[in-house]
Structures are given as structure tokens and as C-alpha cells.
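# Architecture at a glance
This is what each chain is made of:
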Amino acid sequence: MPLAVYMLGLSVFALGTSEFMLSGLLPPIADDMNVSIPRAGLLISAFAIGMVVGAPLLAVATLRLPRKTTLIALISVFGLGQAAGALAPSYEILFASRVVSALACAGFWAVGAAVAIAMVPMTSRARAMAVMIGGLSIANVLGVPAGAFLGEHLGWRSAFWAVGAASAVALVGVVTLIPRIPLPERRPRLKRELSIYRDRQVWLSIAITALAAGGVFCAFSYLAPLLTDVAGLADGWVPTVLALFGIGALIGTTIGGRVADAHLFGVLLSGIAASTVLLAALALFAGSPVAVIALSFLLGVSAFYTAPALNARMFNVAGAAPTLAGATTTAAFNLGNTGGPWLGGTVIDADLGFASTAWAGAAMTVVAIALVAVSLRLHSRSRLVTGSAADPRGAAADVAEHA
């Protein structure tokens, strides 16, 4: 695996910390800004909305620009967005800073994923994406709990300053370690890139990714109040449980990245099914501190076990447009990260309680499983039709291998 791929993973650490650290900062932000916890939760959705819009928009806008220069510009804007958030005097300005940061984050993810995929053979795509997602997992292990710790002891703004500092370090790494990726001799054509959206498998991949991510983050976004108000744990437990989720995420990413290249649909079905069971268990046993702690760890494993497969699947069905494929995957994940917290906030506002967010998340993942089954059926049918003229047994074997 090229060193540059690991550098991209380290950069993602800063991006991921900012994206998910609000899960442990919602109560102090709500108090400081004089808003409800569900409204503070919309800051998570604001970031996700920025990612949804920014990923394809910036992918198209930078399609013909040098890759390294684009990455440098985007990580710089992201760092400035963190500083703006730390200085925000009102909820509205904090909301705007989250959207700006998310736009830069989305562009970095889209371009960075395309660069990582370009540097490895097709049989190593899931592993390359696992390295980048590994940065996200480490963010959940170290960055998110550290943000919660800083928020508890030094105020929530200190967490934003810390991410700004991490972004500066990432900028130095991108400048010094990412090689200059030459643009293809044949300049990318927007019309050709956009043609991937005619494929129904692309739309199925978008929906599966959004629902799988949204189901988990419907509950995860409100994990802090669930831990304290429902399970009865002290505030000091929040960083610890977030760290356990992150450790589970790192384990899941490592396993999923090694298995997904050979058994992509098997990983998708087993991982999303496991998340569904764990979310239901979280709703049922939300009042038990031991159960909630254990389930938070396992949910991190199952959620991130599927992430490399979700990424690799999109690049497989949209290989003709690698930049837009990366952007589309980023947008799909964040459609889930937008819809999940919104749905969670809706059920909380309906006085159904914090534990109800896990039931709502499980409903989303059940739909995701059904769509994976549809996608697998279409994939199997196309493989058999394509290979029947030459070697039907070889086509069937290929389908069985990927399942």
C-alpha cells in the first residue's frame, strides 16, 4: 500500500473528528447556545448536508485541477472553518461554520478517495479505502472521546481549536508526502462522468449506503444523552463509551477491509444485519449501563465492518467516473448522517425517549438489507448473462465468490 494512502488516512482523522465529535458535545453546546438538544443535533445534520452537497459539487468543480493542489486548498479551508466554529458567538454562525467545514471535508474525501483508488490495483480497492476509513475509525477511538473530554473540562470550543490544530498538521503532511498526481492525457469530460447515474446499481448503492449509515447514526448521534439520562451513567463515562465505539470501528474496518474484496455482498449482508440486531438490543436494554456499553462497542464493529465494502461497491459500479464515484459515496454516507440525526431528533421531539432512536435506526437498516438483496440479484443476473456465451460455469463461480 503506497505511503500516500496512509497519509490520506491520517488526514481523514482530523476530518472525522470534526464530523463526529458533536455526539459527545451536544449537551454543553445546547446549554451555551440556549437551544434544545434536538436543535443542537441539527449541527450534525448541517455538517452532513454540507457533505452531501459539497462532494459532487466540488468533485465536478475540481475535475480538471491538479489533485494535490486541490487537496491542499480543501484541508486549508477546513481548518479555517474549525477556527470559525470555535469563535462563533451564536448558534446561527456555528451552524454556518459547520456547513463550510463540511463542504471542504466533502471535497477532500471525494478527491482523496479517487487518488487512493488510482494508486492501487482493482483487487486492492477495499483495502485502500479501509486505510482511509481507518483514519475515521481512529478519529472515533481518539479524536471524538478527546473532544468530549475537552468539552467537559475546557469547554466545547476547545475541541474545535484542537481539530483546527490537527488540520494544520494534516496540511503539512499533504504538502510533503502526497505526490503530484498527473492529470490523464485525455481530459475528464463531465458528460461522461455524469453518465454513471443512468445505472440503477449506482442508485441502489447510494440508497444502501445512506440507510446503513443513517440507521447507525440515528442512535449514535444521541448516544451521550442516552448514556446519562437513560442508562444513568455519569457524564465522565461519555468519552470512554465513545472511545469503545471507536475501537470497535477500527476493528470492524480492519476485518471488513481484508474480507470485502473477495466477499463483498457477504460483508454487506452480514454487517448490516448485525447492526440491525444490535440497534434493536440497544433499544430494549437502554436502561442497563453494562448492556449499553457493550452494545456501543459492538455497533462500532458492525457499522465500520461494512464501510470498505460500501465504498468498494460504488467504485465497482461507477468505475468509469472514479472522482464522481468517490463523491457519490461520500454524499450517500452523509445522506444517512443527515437523515439519521433528523429522524432521531424527530422521535425525541415526539416524546418517545432517547432509546427510541435505536428503534428508528433499526428500521432504516432493515430497508438497507432488502436493497442489498435486490442489488445482489441484479448483479448475479448480469454476471450470468454476460458470461453465459463464453463460460457459464465461470460466471456462476464469480457470482458465488462475491456473495
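In this report, we go over the structure that sits alongside the text. On a predicted model such as this, the values are computed, not experimentally measured, just so you know.

## Overview of the packing of helix H12 (residues 264-284) against helix H14 (residues 307-317)
Between two packed helices, what matters for the description is the angle formed by their axes and the separation of those axes. Running from N to C, H12 and H14 cross one another at 135°; their axes reach a closest spacing of 9 Å. In terms of axis orientation, H12 runs oblique to H14. The two elements H12 and H14 meet at a crossing, and its hand is left-handed. Here Leu264, Phe265, Val267 and Leu268 of H12 lie close against H14, whose contacting residues are Ala309, Leu310, Ala312, Arg313 and Asn316. Across the contact of H12 with H14, the residue classes break down as seven nonpolar, one polar and one charged.

## As for the pattern of salt bridges
Pairing between side chains of opposite charge can happen when their charged atoms approach one another. Counting across every chain of the model gives two salt bridges. Of the charged contacts, one joins Glu92 and Arg39 as a salt bridge, the two residues approaching to 3.7 Å between their closest N and O atoms. Of this pair, Glu92 sits in helix H5 (residues 91-118) while Arg39 sits in helix H3 (residues 37-61), and the two are 53 residues apart along the sequence. By relative accessible area, which is 49% here, Glu92 ends up partly exposed.

## What to know about the packing of helix H9 (residues 200-220) against H12
Contact geometry for H9 and H12: axes closest at 10 Å, N-to-C directions at 25°. Taken together, H9 and H12 sit at an angle that is classed as roughly parallel. As for how H9 packs across H12, the hand of that crossing is left-handed. Contact with H9, carried on its side by Ile208, Ala212, Gly215, Val216 and Ala219, involves Ile272, Ser275, Leu279 and Leu282 of H12 and no other residues of that element. Tallied by class, the residues present in the contact of H9 with H12 amount to seven nonpolar, two polar and no charged.

## Things to note about helix H10 (residues 223-230)
Of all the positions in H10, only Leu223, Ala224, Pro225, Leu226 and Leu227 are classed as buried. In the core, the buried residues of H10 are packed alongside H3, H9, helix H11 (237-259) and helix H13 (289-305). Phi turns positive one or two residues past the end of H10, at Gly232, with a value near 80°.

Thresholds applied
Residues numbered from 1 in each chain as written. Predicted model: local features only at pLDDT ≥ 70, side-chain atom pairs only at ≥ 80, totals over all residues. Heavy atoms only, no water. Axes fitted to C-alpha atoms, helices over the stretch in contact; angles between N-to-C directions. Helix = DSSP H or I, 4+ residues; strand = E, 2+ residues; numbered from the N terminus. Parallel < 35°, antiparallel > 145°, perpendicular 65-115°, else oblique. Left-handed = near helix turned anticlockwise from the far one by under 90°. Contact = heavy atoms within 4.5 Å. Nonpolar A, V, L, I, M, F, W, Y, C, P; charged D, E, K, R; others polar. Salt bridge = Lys/Arg side-chain N within 4 Å of Asp/Glu carboxyl O. Buried < 20%, exposed > 50% of the residue type's maximum accessible area, 1.4 Å probe, protein only.

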